[in-house]
Amino acid sequence: MINGIETVLYGVDDVELCTRYFVDFGLPLVESSSEHAHFRLDEGSNVIIRSINDPLIPKSSIVGIGVQEVIWGVDTPQNLEKLLKDLARDREVRFDEDGTAHCFTDDGLAIGFKVFTKIPVVSAPSPSNSPGNVNRINQHRKWIVKARPKTIQHVVFQTPDVEKSWAFYRDRLNFRVSDIQKGFGIFGRASGAHDHHNIYFLNANLPFKGPDVWGMDGQLRFDHVNFGVDDVDEVMVGANHMQRQGWPKSAWGLGRHRIASSLFLYLPCPTGGQAEYGADSDHVDDSWVPRVWNPMFGFFSFVTNMAPFMLDAAPWEYEYAPGYTPEKKPQA
Ligand SMILES: [Fe+2]
């Protein structure tokens, strides 16, 4: 079973600049040189930065800079072997020196696989108080000065063919659909993970342009990686620290998605695409029933700075996804 993202490999224009960015963002740096940087998060997942022209960057069909390859973790050597045997039926699977397997998806994205023993992470966010519900007495909230993301929760690609991109993950990698944002994209979860989603394919033909939106152009591109932090305080302390270090601010600011219930804050990133602080997402298992969402209703329950296209209140629309809704019992 695939249990999550083991590594994201970025291909960038300026390795030194991107290294500084992720140090400020709060990722723990393991080593760096003029040619690369290696960050390792508490769960054992990795962020690697290299020049887009580095020979170690796979030549895939992705357009532009950003994440060029995702290495998926597999829970056991037996399951890894089984997965690779199936993939090798109709594509070349290449192994590198440390045993990591590499190949391409049906739409030409570079992916890899290796055994990944996830390190359990512990977090202790401050308890929350609300009227009549006191969880913190004689105790102030925790004070921190910068963020330290502990997990890589998901990666997002813009794709001209969401169904095709998703079908490979569903049919060949055994991912589950978590939710569908009508016309926008599909959220998918690895079968051995409980994050609401580990991958999202976003329709690259949406009519959004400009600096405060995705700036998509119909091509297969990297969009963003979500880094998991404890709570809203860590999201915002992280964002404030980034601003003090001179990095550009988030266009939309703090918000909460309705889909996955997750707090979000997207920051422009010199790797290309954006880097997201994420917290308080739904976790799901195979009992979860996917829904089809009105895209704007699902997109947010609140956002600090609404873009013009968010100003119209979205209709409260969602329905359980066809094929996943339990059969109705016949009337007696
Ligand atoms: Fe995200």
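Small disclaimer: the values here were computed from a predicted structure and weren't measured. (Residues numbered from 1 in each chain as written. Predicted model: local features only at pLDDT ≥ 70, side-chain atom pairs only at ≥ 80, totals over all residues. Heavy atoms only, no water.)

### A closer look at the layout of surface pockets
Its volume calculated, the largest pocket comes out at about 670 Å³. What lines the largest pocket is a set of 24 residues, and nearest its centre among them are Ile 48, Asp 96, Asp 98, Thr 100 and His 102. For the lining of the largest pocket, the secondary-structure elements that each account for two or more residues are strand S1 (2-12), strand S3 (36-40), strand S4 (46-51) and strand S5 (66-74). Looking at the lining of the largest pocket residue by residue, the classes come out as 7 nonpolar, 7 polar and 10 charged. (1 Å grid on protein atoms, 1.4 Å probe; cavity = no way out; pocket = protein on both sides within 12 Å on 5 of 7 lines; lining within 4 Å. Points joined across faces, edges and corners; volume = space filled by probe spheres on them. Helix = DSSP H or I, 4+ residues; strand = E, 2+ residues; numbered from the N terminus. Nonpolar A, V, L, I, M, F, W, Y, C, P; charged D, E, K, R; others polar.)

### Re the coordination of the iron ion
On the protein side, the iron ion has His 154 (NE2), His 224 (NE2) and Glu 276 (OE) as donor atoms, found 2.1 to 2.2 Å from it. Counting gaps between the donor residues of the iron ion yields the pattern H-x69-H-x51-E. Taken together, the residues His 224 in strand S13 (residues 221-228) and Glu 276 in strand S16 (residues 274-279) connect sequence positions 52 residues apart. Here the two residues His 224 and Glu 276 agree in accessibility, since each one is buried. (Donors = N, O, S within 2.8 Å, 3.2 Å for Na, K, Ca; no water. Buried < 20%, exposed > 50% of the residue type's maximum accessible area, 1.4 Å probe, protein only.)

### A look at empty space enclosed by the protein
Empty pockets left among the atoms are what a rolling probe the size of a water molecule brings to light. One pass over the full model with this rule turns up 3 cavities of 30 Å³ or more. Taken as a whole, the largest cavity holds about 200 Å³ of empty space. Taken together, 19 residues form the lining of the largest cavity, with Phe 187, Tyr 200, His 257, Tyr 266 and Phe 299 sitting closest to its centre. In terms of residue class, the lining of the largest cavity is made up of 10 nonpolar, 7 polar and 2 charged.

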